[in-house]
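Residue-level listing of the chains:
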Amino acid sequence: MLRVAVISPDGKPLMPTKASRARRWLNQGLAVVYPNDLNVFAVQLVNQPSGEQVQDIAVGIDPGKMFSGIAVQSNKATLWTGHLVLPYKKVRKRMDTRRMMRKTRRSRRIDRRVPYSQRSHRQKRFSNRVNKKVPPSIRANRQLEQRVAKELSLLYPVKAIVYEVVKARGDKGFSPVMVGQYWSISQLEKIAPVTQKQGWETALKREALGLVKDKTDKSRQSLNTHGVDGIALAATHFFRRKNYYHNKGKLSVP
């Protein structure tokens, strides 16, 4: 059943309601359409509601390189799903163009026929060699996810964010993916507490929920490509898997 986001008169997100009730509010003049950057249909109440009690709502984010899946989940329903087309290729192409143009400018300015000590090198204006620097292409990907999560927190009373992390091989301190995802988690924690999950945990929860992921063409913008992982991640906030162990023929739960 479709759920419509509800905003209080002072801009505070409330629990979503049924579409039929939202239409009745609009017809009776009790609410107005609430504009937002995500173009999600939402209503804002005209009068102060009798109560502002809210339940837990979680956001699941499955980050990727070209596409990301994101979903908003309550205890009983999926409120919103998204298939984000990340700007990785566009940013990478622009950075390559900038690098090429900078090299061209330097080649025109520097006379390489003279000794190195006599060339007209410009001194550096500041030291930009800092530790754990996030590449521009990966930073743009993560910033898009952060902007969407921020807008969702303005529409729904988000209480938790579940984020899928990856494990890089080798020295993790020099992995752009590892550095980018932990930087993104530090930014998302400003919105709501973040819980980290690994890929195998997402797969187990997806299978437990009966969701089927389409792995043939991940560029196809549908729920079965990346949105199902966002739903599975958000659902882990409400349903946690218990591990069962056999101890001398007896079944025990930790």
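None of the values given here were measured: they were computed from a predicted structure. (Residues numbered from 1 in each chain as written. Predicted model: local features only at pLDDT ≥ 70, side-chain atom pairs only at ≥ 80, totals over all residues. Heavy atoms only, no water.)

In this structure, what is going on with the pattern of salt bridges? I would like to understand it.
Where charged atoms from two side chains of opposite charge approach closely, those side chains can pair. One pass over the structure, following the stated rule, counts six salt bridges. Put simply, D96 and R92 hold a salt bridge, and the shortest N to O gap is 3.9 Å. Taken together, the positions of D96 and R92, both in helix 2 (residues 88-109) and four residues apart, correspond to about one turn of that helix. Residue classification places R92 among the partly exposed residues on the basis of a relative accessible area of 42%. Notably, a salt bridge pairs R142 with E145, separated by 2.9 Å at the nearest N-O pair. Taken together, the positions of R142 and E145, both in helix 3 (residues 136-155) and three residues apart, correspond to about one turn of that helix. (Salt bridge = Lys/Arg side-chain N within 4 Å of Asp/Glu carboxyl O. Helix = DSSP H or I, 4+ residues; strand = E, 2+ residues; numbered from the N terminus. Buried < 20%, exposed > 50% of the residue type's maximum accessible area, 1.4 Å probe, protein only.)

Before we go on, may I ask you to explain helix 2 in this structure?
End to end, helix 2 covers 32 Å across 22 residues, agreeing with the expected 32 Å (1.5 Å per residue, within 8%). Inspection of helix 2 places Y88, V91 and M95 among the buried residues, and these make up the whole buried set. All buried residues of helix 2 lie within an arc of 70 degrees about the axis, which places them on one face of the element. Counted as exposed and oriented over 90 degrees from the buried face of helix 2: K89, K90, K93, R94, M100 and R108. On the buried face of helix 2, the contacting elements are helix 3. (Expected span 1.5 Å × (residues − 1). Arc of directions from axis to C-beta. Contact = heavy atoms within 4.5 Å.)

What am I meant to see in a positive patch on the surface here?
A surface patch of positive charge is lined by R3, K18, R21, R24 and K76. Summarising the element assignment, R21 is placed in helix 1 (residues 19-28). For R21, a relative accessible area of 34% corresponds to the partly exposed category. (Patch = residues over 30% accessible without salt bridge, like charges linked within 9 Å, V, L, I, M, F, W, Y side chains within 5 Å. Areas by Shrake-Rupley, 256 points an atom, 1.4 Å probe, with all protein chains shown as cover. Lys, Arg positive; Asp, Glu negative; His and termini not counted. Charge placed at Lys NZ, Arg CZ, Asp CG, Glu CD.)

Can you help me understand the packing of helix 2 against helix 3 in this one?
Each pair of packed helices gets described by two things: the angle between the helix axes and the distance between those axes. It is the contact of helix 2 with helix 3, at a shortest axis distance of 8 Å, that shows an interaxial angle of 150 degrees. Classified by the angle their axes make, helix 2 and helix 3 are roughly antiparallel. Considering how the two elements wind past one another, helix 2 and helix 3 form a crossing that is right-handed. Mapping the contact onto sequence places Y88, V91, R92 and M95 in helix 2 and P136, S137, A140 and N141 in helix 3. (Axes fitted to C-alpha atoms, helices over the stretch in contact; angles between N-to-C directions. Parallel < 35°, antiparallel > 145°, perpendicular 65-115°, else oblique. Left-handed = near helix turned anticlockwise from the far one by under 90°.)

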